Amino acid sequence: MSLHIGVNTVYPAHYGDAVAVLESCVNDAKAMQRMAQNLGYSGSVLADEDATVANVTAAIRAATEALFTGDAFLLSFSGHGSQIPNSSADDEPDGVDETLCLYDRMLVDDELHLLLTEFRTGVRVFVVFDCCHSATAAKAKDQITISRKAIHDIQVKDFESSFKQLEVALATVPVARQEVGSEEAPANRSAQPLTDAQLIEVFADNLDPDELKPTEPADLSIRSKDIIQLFADLEADAAQAPGKLLQPWEAPYKGNNLAVYDSVRNLIGPKEMTVVEAKVASFAACLDAQTALAGTVLREFTSHLVTVWGDGKYTGDGEQLIARIKQLGSQNGAIPTLMTYGAGGSAIAYDRPFAI
């Protein structure tokens, strides 16, 4: 069974007016449903006003009752993700609970974790979170480790690519030609930027574009390398920094709804630490301290996931899936994350994801 949740718009009376309307989250849900159906899942979509806490909870509970050892459940969520101050004694190193912003209110990670505990032993559960602050949206458990060095190296690779493109652009100059016998041969190319006179010729349309040849530097300049290292360090530190409550989400939490969220967590109480008996793998768009990039057709993470999956041609395991998605990069530096839960430990990370 599968369930796919897409929330472009949320209930303004609860969230206030500061929450941006998204464009692609319902598309994401439908794309994930198609992927699930191709794998043999029986799936449904809950979109916008249908994606309430009651409806989502009921759909997940239906799966917990229907599935037995060896069965699989695929849950995907695309929408806003947020954080609220943690008020219990559970293990939240960053001091906040992660939330999924459903239509009528935020679903707290304590609640989702408790739902996961209701799955029977031996059931395999795959969760896909395409939202901000999503790494531990089902509570902090066994993260497939992403070291600071790994984050740093990913950023260096992205920055080097950008800087090389920039240096190629700056090194683009007209190529002088000289006669050698009856053939023309290019002279040595200058590494200097275009002169003012040459720029005037370009804009006057008097310069043949074919005479402009990019000269790719053999290596980046020392200055560029220093800048890359500086920004990569900053990005790595930011990715591992403690989360913080974003201003737009203070209204739904600190306003008239404070009692709602505190009541939810008080009701769950110590149950949030109940052991998950199923085998769970969670694929998230970013770390808890990061935001995930929205889109107009598909969100960035869902788009990358669908691309790597390749209509079912992908045959690797879960860890390799996250690695492949990382290789595609992120426009805002988001680090995709794989978490595992349950009696099977991290072993499910090394199986083919989503497989029935």
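Q: Give me the packing of helix α4 (residues 109–116) against helix α9 (residues 258–268): which residues, what numbers.
A: Close contact between α4 and α9 brings their axes to 9 Å; oriented N to C, the two are set at 35°. You can see that α4 and α9 cross each other, and the crossing is left-handed. Residues Asp110, Glu111 and Leu114 of α4 pack against Val264, Arg265 and Ile268 of α9. Class assignment for the residues of the contact of α4 with α9 results in three nonpolar, no polar and three charged.

Q: Give a detailed account of the sheet that holds strand β5 (residues 96–101), specifying residues and quantitative values.
A: If you trace the three strands from one edge of the open sheet to the other, you get β4-β5-β6, paired in antiparallel fashion. Single-partner strands in this sheet number two, and they are β4 (81–85) and β6 (106–108). For this sheet, the mean inter-axis angle between neighbouring strands, taken without regard to orientation, is 40°. Of the strand pairs in this sheet, β4 and β5 are connected by five bridges, and their pairing is antiparallel. Directly across from Gln83, in β5, lies its bridge partner Glu98.

Q: Talk me through the state of the cysteines; I want residue IDs and the actual numbers.
A: Here, disulfide denotes a covalent bond that connects the sulfur atoms of two cysteines. Applying the stated rule across the entire model yields zero disulfides. Cys131 supplies the cysteine sulfur nearest to Cys101, a cysteine that is in no disulfide, at a spacing of 7.8 Å. With no disulfide partner, Cys131 has as its closest neighbouring cysteine sulfur the one in Cys286, 6.9 Å distant.

Here is what the cut-offs are and how they apply
- Residues numbered from 1 in each chain as written.
- Predicted model: local features only at pLDDT ≥ 70, side-chain atom pairs only at ≥ 80, totals over all residues.
- Heavy atoms only, no water.
- Axes fitted to C-alpha atoms, helices over the stretch in contact; angles between N-to-C directions.
- Helix = DSSP H or I, 4+ residues; strand = E, 2+ residues; numbered from the N terminus.
- Left-handed = near helix turned anticlockwise from the far one by under 90°.
- Contact = heavy atoms within 4.5 Å.
- Nonpolar A, V, L, I, M, F, W, Y, C, P; charged D, E, K, R; others polar.
- Pairing = 2+ DSSP bridges.
- Disulfide = S-S within 2.5 Å.

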